[in-house]
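Descriptive analysis of the structure
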Amino acid sequence: MPPPEGTIARPQDSGCHGGRETMREAARAAGKSAVLERLAADYPQGPHDQPQSMCPAFGSLRVGLRMRRVATILSGSACCVYGLTFTSHFYGARRSVGYVPFDSETLVTGQLFEDIRDAVRRTAQPDAYDAVVVINLCVPTASGVPLDLLPREIDGVRVIGIDVPGFGVPTHAEAKDVLAGAMLRYARREAEAGAVARPRAGLAEDRRVTLLGELFPADPPGVAAMLA
Ligand code: SF4
């Protein structure tokens, strides 16, 4: 519900129904203008926005949960995280989803960022993970929680923070793209910095084609036939 007349809207009072413009204003005031402009340029809004379906951030969460040796941590309101984790397990995630909760105090004092950083440090165990993905949902994005200030790497584990607010990303298809794009940017920087480690499984004699994207159950035979 929009805030009653004469009161000031705070991001922590808002959610899907808090008013997209209210959230955008809050995000701009919190220093996230560049993020909003990037999202608006990459994912034009239109009649397809936010159909009566899942929270857009589910796209990013799902991509993160499908990658080997990648941990995913959500930062957002408990009700959003409940819906997102419920749906991810409904779709067979079969692994934990990290969550950093907050309240009004940790949000306004900046403690939430410290809590996220601690969670990332605890999660970034090189024997278990190659990357940790942190996803800012609506309220932390509107409050300006600066995931770009997280360490880029901890003991060789890459740390990737993204803002995926429902008021800036039209559907979960675009949210998949947000995480895939962030990981590809990271990979490109690594490749430009020097030699990239050889695949653990070693190289086969035959030539290989690497495809990036989501596979649905019937895709592998079709892709194999196309390559053959
Ligand atoms: S994170 Fe998703 S569920 Fe939560 S308020 Fe934003 S759009 Fe709605």
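Everything below is about the structure printed above this text.
These lines cover the structure that appears in this document, whether it is placed above or below. Keep in mind the model is a prediction, meaning the values are calculated, not measured. (Residues numbered from 1 in each chain as written. Predicted model: local features only at pLDDT ≥ 70, side-chain atom pairs only at ≥ 80, totals over all residues. Heavy atoms only, no water.)

1. Observations concerning the sheet that holds strand β2 (residues 98-100)
Strand order in the open sheet made by the five strands is β2-β1-β3-β5-β4, with mixed pairing throughout. Two strands bound the open sheet, and with one partner strand each, they are β2 and β4 (153-154). The pairing of strand β1 (residues 70-75) with β2 spans three bridges and is classified as parallel. Each residue of the ladder has a partner; that of Leu 74, found in β2, is Tyr 99. Sheet strands in contact with helix α8 (residues 172-193) are β1, β3 (131-136), β4 and β5 (157-163), and its direction is about 140° off that of β5. (Pairing = 2+ DSSP bridges. Helix = DSSP H or I, 4+ residues; strand = E, 2+ residues; numbered from the N terminus. Contact = heavy atoms within 4.5 Å. Axes fitted to C-alpha atoms, helices over the stretch in contact; angles between N-to-C directions.)

2. Topic: helix α1 (residues 20-29)
Each α-helix turn comprises 3.6 residues. Residues three or four places apart therefore point the same way. All buried positions along α1 are accounted for by Met 23, Arg 24, Ala 26 and Ala 27. One side of α1 carries all its buried residues, which in axial view fall inside an arc of 160°. Considering only its buried residues, α1 is in contact with α2 (33-42) and α7 (138-142). Directly after α1, the chain includes Gly 31, whose backbone phi takes a positive value near 90°. (Buried < 20%, exposed > 50% of the residue type's maximum accessible area, 1.4 Å probe, protein only. Arc of directions from axis to C-beta.)

3. Structural notes on a nonpolar patch on the surface
Taken together, the side chains of Tyr 82, Phe 86, Phe 90 and Tyr 91 make up a nonpolar region of the molecular surface, amounting to roughly 550 Å² of accessible area. Checked against the element boundaries, Tyr 82 lands in helix α4 (residues 78-90). A relative accessible area of 58% places Tyr 82 in the exposed class. (Patch = residues over 30% accessible without salt bridge, like charges linked within 9 Å, V, L, I, M, F, W, Y side chains within 5 Å. Areas by Shrake-Rupley, 256 points an atom, 1.4 Å probe, with all protein chains shown as cover. Salt bridge = Lys/Arg side-chain N within 4 Å of Asp/Glu carboxyl O.)

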